[in-house]
Amino acid sequence: MKFAVIVFPGSNCDVDMYHAIKDELGEEVEYVWHDTENLDQYDGILLPGGFSYGDYLRTGAIARFSKVMQEVVKAANTGKPVLGVCNGFQILLESGLLPGAMRRNESLKFICRPTQLKVVNNETMFSSVYGDGERIQIPIAHGEGNYYCDEETLEKLKANNQIVFTYENNPNGSLENIAGIINEQGNVLGMMPHPERAVEKILGGADGLKLFQSIVKQWREANVVKA
């Protein structure tokens, strides 16, 4: 499986994402600059964290208009897995690939620490290797991670089982403790915690590796012909 790590001006978690895929997952991966106009050669698209375009206007608001985002939308519409982490999640919200919006943390402070999550939906292409209700530890690092949506959107998220991860101890004020959601089709995931920073026990834990293993598992089941 071949992944693209999208790099915007101001991205700073692209190297972590690349390392997680290449060195820990053992799959093919390339950095892809924000002005790229074709992503057809890639099987999965990864939008890393950081401060794209300095977070001016709003987090993700400028990155959403990068040339590459037209291709990310195209890839999502064809069913390819698209993962947005932290700033990547914010960009997915701004682009309309996921519903809702991101607000400043309730504390109005940047938060950087390990966080306990609950896997509330393990029947997605991003979470199938986890157990139902499994508790995992994934670090967060954000100032605007307070997820919000209106009541109608929240009811849809619940009805369609689109909430994948929730916080055990809500660090930022997110509605319904939401830490990660998928689109209705199930192939676009946005989450504020950083799974790419939790892929080695030597760095504090490897709970995030299962997320990437889930993506590869689904892709191989769908695309690899067994003898």
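Note that the structure is a prediction, hence the values are computed from the model and not measured.

Undergrad: Would you explain the overall build of the chain in this entry?
TA: Summing up its helical and strand segments, the chain has five helices and 11 strands in all. Against the compact-globule benchmark of 17 Å for 227 residues, the chain has a radius of gyration of 16 Å, which places it among compact chains. Overall, the chain is about 50 × 40 × 40 Å in size when its C-alpha atoms are taken along their principal axes. Here the chain, with 227 residues, has 54% of them falling under the buried criterion.

Undergrad: Quick question: what am I supposed to make of the packing of aromatic side chains here?
TA: The description of an aromatic ring pair rests on the distance of the ring centres and on the angle between the ring planes. This structure, assessed with the given rule, holds three aromatic pairs. For the ring pair F89 and Y147, a centre distance of 6.2 Å and an interplane angle of 15° mean the geometry is stacked. Of this pair, F89 sits in helix α3 (residues 87-95) while Y147 sits in strand β8 (residues 146-148), and the two are 58 residues apart along the sequence. Ring plane angle 90° and centroid distance 6.1 Å describe the contact between Y130 and F165, whose orientation is recorded as edge-to-face.

Undergrad: Whenever I open this one, the side chain of N105 confuses me. Can you help?
TA: Within the secondary structure, N105 sits in the loop between β5 (101-103) and β6 (111-119). Only 2.9 Å separates the side chain of N105 from the backbone oxygen of K109, close enough to count as a polar contact. Engagement of the side chain of N105 in a polar contact is seen with the backbone nitrogen of G145, the distance being 2.9 Å. If we ignore the near neighbours within four places in the chain, the residues touching N105 are F110, I111, H142, G143, E144, G145, N146 and N172.

Undergrad: Is there a simple way to explain the sheet that holds strand β10 (residues 178-182) in this structure?
TA: By way of backbone hydrogen bonds, the strands of a sheet pair with one another, either parallel or antiparallel. Read from one edge to the other, the open sheet built from nine strands follows the order β2-β1-β3-β4-β11-β10-β9-β6-β7, with strand pairing classed as mixed. If you trace the sheet from one side to the other, it starts and ends with β2 (28-33) and β7 (135-142), each paired once. Averaged over all adjacent pairs, the angle separating strand axes in this sheet is 25°, with direction ignored. Where strand β1 (residues 2-7) meets β2, six bridges bridge the pair, whose relative direction is parallel. Bridge pairing in β2 places K2 opposite E28. Across the face of the sheet, α3 comes into contact with β3 (44-47), β4 (82-85), β10 and β11 (188-191) while running at roughly 115° to β4.

Undergrad: Help me out: how do you make sense of the pairing of strand β9 (residues 163-167) in this one?
TA: One face of the sheet, then the other: side chains in a regular strand alternate in exactly this way. Most of β9 sits inside the fold, with five of its five residues counted as buried. As defined by bridge partners, β6 adjoins β9 across three bridges and the pair is classed as antiparallel. Bridge pairing links K118 to T166 in β9. Alignment of β9 against β10, held across three bridges, turns out to be antiparallel.

Undergrad: Mind showing me how you'd approach unusual backbone geometry here?
TA: With glycine set apart, most residues show a phi of negative sign, and most peptide bonds adopt trans. One non-glycine residue, D55, lies in the positive phi region at around 60°. Position of D55 relative to the elements: it lies in the loop between β3 and α2 (67-77).

Rules behind the numbers
Residues numbered from 1 in each chain as written. Predicted model: local features only at pLDDT ≥ 70, side-chain atom pairs only at ≥ 80, totals over all residues. Heavy atoms only, no water. Helix = DSSP H or I, 4+ residues; strand = E, 2+ residues; numbered from the N terminus. Rg over C-alpha atoms; globule rule 2.2 N^0.38 Å. Buried < 20%, exposed > 50% of the residue type's maximum accessible area, 1.4 Å probe, protein only. Phe/Tyr/Trp six-rings, centres within 6.5 Å; stacked < 30°, edge-to-face > 60°. Polar contact = N/O pair within 3.5 Å; in protein donor to acceptor, adjacent residues only side chain to side chain. Contact = heavy atoms within 4.5 Å. Pairing = 2+ DSSP bridges. Axes fitted to C-alpha atoms, helices over the stretch in contact; angles between N-to-C directions.

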